[in-house]
There are 2 protein chains.
Amino acid sequence: MREKDIIAKYFSPLSRNAKGADELKDDIAVLGNLGSGLLAINMDTLVAGTHFFPSDDPTILAQKALRVNISDLASKGAVPFGYFLSLALPKDANEAYVEAFAHGLSIDQRNFNLSLLGGDTVKTKGPFTITVTILGLLSNSEIPRRSTAKLGDDIYVSGTIGDGALGLLAHPDYRGETNLTAKYSRHISHYLCPEPRVELQTIISQYANASMDISDGLLGDLNNILINSKLGAKVNVDQIPFSEETKSILQNEMDMLPAILTGGDDYEILFTADPKHADDIKKHSKNLHFNLTKIGNITDGSKLELFDSGQPLNMADFELSHSHKW
Amino acid sequence: MREKDIIAKYFSPLSRNAKGADELKDDIAVLGNLGSGLLAINMDTLVAGTHFFPSDDPTILAQKALRVNISDLASKGAVPFGYFLSLALPKDANEAYVEAFAHGLSIDQRNFNLSLLGGDTVKTKGPFTITVTILGLLSNSEIPRRSTAKLGDDIYVSGTIGDGALGLLAHPDYRGETNLTAKYSRHISHYLCPEPRVELQTIISQYANASMDISDGLLGDLNNILINSKLGAKVNVDQIPFSEETKSILQNEMDMLPAILTGGDDYEILFTADPKHADDIKKHSKNLHFNLTKIGNITDGSKLELFDSGQPLNMADFELSHSHKW
């Protein structure tokens with residue numbers, strides 16, 4: 001049974017009385033007003049051997065644990081302010097490891113203006129497991145959910161797509177079928193420590209109809225917006241932004257395209273907006289330290305269609321992942 | 001290195017800018033006003049093989065996971081309203097297990113008026129790991145911390161002490177040195193599913209100076225209040241409330257006393273209050289479904305002293321646990 005189905009069948013009913021939980025279909029829960037904004041909360045868990053490699057530098061790992069949570073808040077235009085941290089430490093974890101991990105937390109507390117608010121540390125016979133519950137504030141009560149895309153919306157993505165997925169394949173400890181050579185250091189860095197797009201706060205809170213962060217692959221996550229919004233989309237693959245390194249891989253190995261478009265760990269933001277805001281979004285995006293790119297449009301129906309230079313691609317080549325985030 | 005020292009050395013500094021986190025020395029963090037009260041949050045993790053037995057009934061386990069968190073909020077007089085849940089599921093977890101677990105959640109959502117607000121489900125190669133972040137509201141801004149006991153305060157405990165610790169020893173899967181026979185079913189039930197003392201909300205918010213729930217043993221947790229409040233205490237062991245089953249064990253095996261007074265899993269509440277409130281507390285406690293018992297007083301100095309029928313006991317017989325909760 002898939003995680004998505006387990007959540008829909010057993011856990012969504014438990015959130016029925018909580019309006020802000022949105023039936024667990026979205027990344028964040030939104031509670032009432034806390035001071036100057038609406039309280040937004042997200043909880044994500046990383047497990048060694050599943051979400052990171054046991055050999056990963058603990059300082060950078062701590063940053064990743066915070067950043068994947070920050071990314072969820074950022075995708076809704078919420079500004080994080082604090083977090084709770086639960087660590088299940090293996091018996092062989094030593095003090096130097098914990099010290100390096102805490103150092104990573106302190107670096108990103110400064111980078112993102114966060115405080116540690118509480119948590120728990122426990123021992124486990126299993127792998128190192130990190131759970132973060134992050135709190136942020138939303139200035140706008142109209143929250144861009146997965147379910148709120150509108151017919152005709154432009155579809156935007158931040159940054160470049162596929163660096164995280166390729167970084168996983170290039171990771172020295174990756175033991176899959178298609179591992180890349182380890183020369184793709186930019187990709188590996190992106191996999192180890194993504195850059196949450198907190199700078200998008202203004203654009204998202206002002207212009208986005210639907211929005212989410214891309215953690216399970218661009219196409220799968222877009223499909224998630226389509227399912228929840230009961231709409232379709234046309235996406236121009238030739239407009240999807242890739243890094244130079246990714247382009248050079250694609251020049252030699254075009255069959256990497258599905259892995260790039262459906263692989264996880266981008267932590268870019270995918271949002272939709274009314275075309276009437278296109279000029280304003282363009283103007284605002286000039287101040288960003290990364291690109292915002294229009295890659296397609298929301299359409300009638302329920303299908304995701306891909307085009308390359310105007311020619312339709314065969315969707316059977318792209319196995320969409322189904323997000324199990326809630 | 002002990003957990004307590006790791007937290008003090010590496011994690012407390014990360015909470016420095018968050019007033020409501022109380023330097024991670026308390027069970028809960030208190031944030032600003034959310035609707036009708038102050039937002040109070042606690043996060044606790046349970047790991048199979050550490051905090052529960054893999055054979056434990058998943059329905060009751062789900063209730064325990066919620067209740068140990070509810071207990072933390074209740075000890076401060078906060079009323080829980082919702083929670084986030086992260087489950088790291090072993091690869092062999094089947095749907096029936098998840099269904100039974102979700103059923104336990106639904107039972108206690110009704111019992112305690114809670115909603116599931118969000119969370120995460122992930123796969124792990126290790127043991128089943130459950131993290132709950134629980135949210136509640138405090139009506140009173142004067143929070144009974146571990147650090148706020150006052151000289152001369154009466155010391156109270158709810159319910160009876162030692163049932164959880166003896167329940168662990170009597171658990172059919174317990175493989176320690178001093179396991180009891182499995183006939184102590186009341187103890188085992190208490191270990192498997194404690195009864196958080198939410199009924200104490202009024203008394204605690206009106207009268208308690210310091211308060212915490214007893215999760216790591218009565219004497220260790222009381223010592224924690226003493227360390228943080230920089231005070232001492234005299235406790236009369238002959239006044240500590242025991243269940244009939246515990247009394248019968250003590251009649252035969254007086255050497256079980258240290259295990260009973262320092263073992264974990266009571267989830268009773270330990271609080272201190274000015275003696276001038278004794279009559280009011282007594283009056284209010286008549287409506288409770290459990291006993292409130294005065295077991296001693298807060299004293300000058302920093303020592304915890306135990307007496308039995310007026311005679312001092314040798315503290316060397318009691319190895320105090322040190323709470324690592326934060």
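Predicted, not measured: the structure shown is a model, and the values here were computed from it.

Focus: the overall build of chain A
Assigned secondary structure in chain A consists of 10 helices and 12 strands. Here the C-alpha radius of gyration of chain A, 19 Å, is about what a compact globule of 326 residues would show, namely 20 Å. Projecting the C-alpha coordinates of chain A onto the three principal axes gives extents of approximately 55 × 50 × 45 Å. When contacts within chain A are restricted to residue pairs at least 6 apart in sequence, long-range pairs at least 24 apart make up 84% of them.

What to know about the domain arrangement of chain A
Residue and element names in this part refer to chain A. Under the domain assignment, chain A is made up of domain 1 (3-138) and domain 2 (154-317). A separation of 23 Å is found between the C-alpha centroids of domain 1 and domain 2. Domain 1 puts 19 residues into the contact, and the matching count from domain 2 is 19 residues. Sorting elements by how many residues they give to the side of domain 1 that touches domain 2 places helix α2 (residues 58-75) first, with 10 residues. For the side of domain 1 that touches domain 2, a count of residues per class yields 7 nonpolar, 5 polar and 7 charged.

As for the packing of helix α3 (residues 95-112) of chain A against helix α1 (residues 3-11) of chain B
In the contact formed by α3 of chain A and α1 of chain B, the axes pass within 10 Å of each other and the chain directions differ by 35°. Remark: the crossing between α3 of chain A and α1 of chain B carries right-handed chirality. Residues V98, E99 and A102 of chain A of α3 of chain A touch α1 of chain B, and the partners they reach there are I6, Y10 and F11 of chain B. Taken together, the residues of the contact of α3 of chain A with α1 of chain B sort by class into 5 nonpolar, no polar and 1 charged.

Here we look at the interface of chain B and chain A
Counting residues at the interface gives 57 residues for chain B and 58 residues for chain A. The dominant element in the side of chain B that touches chain A, judged by the number of residues it contributes, is strand β4 (residues 115-124) of chain B, at 10 residues.

Notes on the packing of α2 of chain A against α3 of chain A
Residues and elements named next belong to chain A. Running from N to C, α2 and α3 cross one another at 45°; their axes reach a closest spacing of 6 Å. The angle between α2 and α3 places the two elements in the oblique class. Here the hand of the crossing between α2 and α3 comes out right-handed. In contact with P58, T59, I60, L61, A62, Q63, L66, R67 and I70 of α2, α3 contributes Y97, A100, F101, H103, G104, L105, I107, D108 and F112. Looking at side-chain class alone, the contact of α2 with α3 contains 12 nonpolar, 4 polar and 2 charged residues.

Observations concerning the relation of the copies chain B and chain A
For the match of chain B to chain A, the screw axis carries a shift of 0.0 Å, the RMSD comes to 0.0 Å, and the turn is 180°. Classification of the inter-copy transformation places it as that of a two-fold axis. When C-alpha positions in chain B are compared against the rotation axis, the closest is assigned to G126 of chain B, at 1.9 Å. A high fraction, 100%, of the interface residues of chain B reappear at the interface in chain A, so the copies pair face to face through one surface.

Section: the pairing of strand β6 (residues 154-158) of chain A
All names here are of chain A. Of all 5 residues in β6, 5 are buried, a share of seventy percent or more. The alternating pattern of β6 places D154, Y156 and S158 on one face and I155 and V157 on the opposite face, and all of these are buried. Relative to strand β9 (residues 268-273), β6 is paired through 4 bridges, and the arrangement is antiparallel. The residue bridging D154 from the neighbouring strand is A273, located in β9. In terms of strand pairing, β6 meets strand β10 (residues 292-299) through 5 bridges, oriented antiparallel.

Things to note about the environment of Q239 of chain B
All names here are of chain B. Position of Q239 among the secondary structure elements: in the loop between β8 (232-236) and α8 (244-252). It is 9.0 Å that separates the C-alpha atoms of Q239 and S309, two residues lying 70 residues apart in sequence. Excluding its chain neighbours within four sequence positions, the residues that come into contact with Q239 are T293, K294 and I295.

Some words on the sheet that holds β9 of chain A
Residues and elements named next belong to chain A. Taken in spatial order, the 7 strands of this open sheet run β7-β9-β6-β10-β8-β11-β12, and their pairing is mixed. In this open sheet, the two edge strands, each paired with only one partner strand, are β7 (208-214) and β12 (311-312). Here strand β8 (residues 232-236) runs beside β10; their pairing, made up of 4 bridges, is antiparallel. Each bridged residue has a counterpart across the sheet, and for K234 the counterpart in β10 is N297. Sheet strands touched by α2: β7 and β9. Its angle to β7, the strand with the most contacts, is close to 170°. Where helix α7 (residues 218-229) meets the sheet, it contacts β6, β7, β8, β9 and β11 (304-308), and its direction lies at approximately 145° from that of β7.

Here's the deal with the sheet that holds strand β11 (residues 304-308) of chain B
Residue and element names in this part refer to chain B. An order of β7-β9-β6-β10-β8-β11-β12 is seen for the 7 strands of this open sheet, with the pairing classed as mixed. Both edges of this open sheet fall to β7 (208-214) and β12 (311-312), since each of them pairs with a single strand only. Sheet topology places β8 next to β11; 4 bridges connect them, and they run parallel. By the bridge assignment for β11, V235 is matched with L306.

So, the nonpolar core
Membership of the largest hydrophobic core comes to 201 residues, with the highest contact counts inside it found for I41 and Y83 of chain A together with A40, I41 and Y83 of chain B. Ignoring sequence-local partners within four residues, the contact set of Y83 of chain B consists of L66, N69, L114, L116, L117, V132, T133, I134 and L135 of chain B.

Conventions adopted
Residues numbered from 1 in each chain as written. Chains lettered and ligands numbered in written order. Predicted model: local features only at pLDDT ≥ 70, side-chain atom pairs only at ≥ 80, totals over all residues. Helix = DSSP H or I, 4+ residues; strand = E, 2+ residues; numbered from the N terminus. Rg over C-alpha atoms; globule rule 2.2 N^0.38 Å. Contact = placed C-beta atoms within 7 Å. Domains from an automatic or database assignment. Nonpolar A, V, L, I, M, F, W, Y, C, P; charged D, E, K, R; others polar. Axes fitted to C-alpha atoms, helices over the stretch in contact; angles between N-to-C directions. Left-handed = near helix turned anticlockwise from the far one by under 90°. Parallel < 35°, antiparallel > 145°, perpendicular 65-115°, else oblique. Least-squares fit on C-alpha atoms with pLDDT ≥ 70 in both. Buried ≥ 20, exposed ≤ 12 C-beta atoms within 10 Å, placed from the backbone. Pairing = 2+ DSSP bridges. Core = buried A, V, L, I, M, F, W, Y, C linked by C-beta atoms within 7 Å.

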